[in-house]
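# Commentary on secondary and tertiary structure
Below are the chains, spelled out letter by letter.
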Amino acid sequence: MPFKYFCELVLLSALWGGSFLFMRTTVDEFGPVMLVTLRVGIAGLVLLPLLLFKRLGRELIENWRPIMFVGITNNAIPYFLFSYSTIYLSAGYASVLNATAPMFAAIIAFFWLKDKLAPMALIGLIIGFLGVFVLSMAKLILQTENTFQAILAALVATFFYGLAACFTKRSLQGVKPLTVAAGSLMFATVFLLPISLFYLPTTTPSINSWLSVLVLGACSTGFAALLFFRLIANVGAYKAITVTYLVPVFGIIWGMIFLREQLTVNMWIGAAMVLIGVALTTGVFRRRLIPKLGRLN
């Protein structure tokens, strides 16, 4: 990967890792429903001008049904669930659970799309979910209120990420990534807006919270999506998806710097197991190490 694209990959990881920081600091004032509505609404407004500039409106109209489904399953539901989970989980902790999305995608693709699941990937799934168990036990030992529900909500969110990824692969082949991204965010906003009216904040959020939500929507959601699609176009989807492994790193770093969050030894072990499991499931070790061993032989 050329150095400039590697820098973009790191920037994207920092933006997506920062989304957990912004959710953690604003969800108490806005509530999870209103927070996610503002997030997808702002991001949609960021991408809409580019969609119109690229003259992709017709493509959006022709594919509105599957794009709407992606908007609900990839944006509305998982964003809400992660917003809820960050009420009780640290930003770094939530970002590690977010890394399980590729594992759920592999499971769904195996049963639904009939994709093959290599033995190494199966081992990765086992290690990854054992890592989630270690993380859960480490957090439950602290006896934090509603910890189990928060962890379950985060895992259900990553399940929906995996479902949306498989659905996109199956039903939106050939549709421009920008069309899917902008359209799904706008449909998610339409879906959430009437619901959010029943969950208006009881008190006026602070200026700092409004600024955080603005950055969350415009930068960590809208601009991050553009950056991700640029990476896909320039270095390929496989290399671009390696951002999955860097997001938890930044999620933990931002949480430690700005929120003074701390992880216990058991949490570090669980986080390492999750990342190793994801790497095995998605074939990183198999694709990178086996060719090198072959050249040595």
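Quantities reported herein were computed from a predicted structural model and do not represent experimental measurements.

This brings us to the packing of aromatic side chains. Think of a pair of aromatic rings as described by two things: how far the centres are apart, and how the planes are tilted against each other in angle. On inspection of all chains with the given rule, the structure shows 13 aromatic pairs. Measuring from centroid to centroid gives 5.4 Å for Phe104 and Phe129, while their planes differ by 75°, and the two rings are edge-to-face. Placement of the pair is Phe104 in helix 6 (residues 101–112) and Phe129 in helix 7 (residues 119–141), with a sequence separation of 25 residues. Exposure remark for Phe129: the relative accessible area of 29% places this residue in the partly exposed category. Ring pairs connect the aromatic residues Phe104, Phe129, Phe159 and Phe160, which therefore count as one cluster. Its end group placed over the ring of Tyr79, Arg39 keeps NZ or CZ at 3.8 Å from the ring centre.

Turning our attention to the environment of Ser196. The topology assignment puts Ser196 in helix 9 (residues 177–196). In sequence terms Ser196 and Leu122 are 74 residues apart; their C-alpha atoms lie 40 Å from each other. When near neighbours in sequence (up to four residues on either side) are disregarded, Ser196 contacts Val33, Met34 and Thr37.

The pLDDT averaged across the protein works out to 87; a share of 92% of its residues lies at or above 70. Confidence drops under a pLDDT of 50 for residues 289–297, and excluding neighbours within four residues, the segment shows three contacts in the predicted structure.

Time to look at the environment of Val36. Checked against the element boundaries, Val36 lands in helix 2 (residues 32–53). Residue Val36 is classed as buried on the basis of its relative accessible area, which comes to 1%. Spatially, the C-alpha atom of Val36 lies 28 Å from that of Gly131, the residues being 95 residues apart in sequence. Apart from the residues within four sequence positions on either side, Val36 is in contact with Asn75, Ala76, Tyr79, Phe80, Ser83 and Leu192.

Each value, and the rule that gives it
- Residues numbered from 1 in each chain as written.
- Predicted model: local features only at pLDDT ≥ 70, side-chain atom pairs only at ≥ 80, totals over all residues.
- Heavy atoms only, no water.
- Phe/Tyr/Trp six-rings, centres within 6.5 Å; stacked < 30°, edge-to-face > 60°.
- Helix = DSSP H or I, 4+ residues; strand = E, 2+ residues; numbered from the N terminus.
- Buried < 20%, exposed > 50% of the residue type's maximum accessible area, 1.4 Å probe, protein only.
- Lys NZ or Arg CZ within 6 Å of the ring centre and 35° of its normal.
- Contact = heavy atoms within 4.5 Å.
- pLDDT = per-residue confidence, 0-100.

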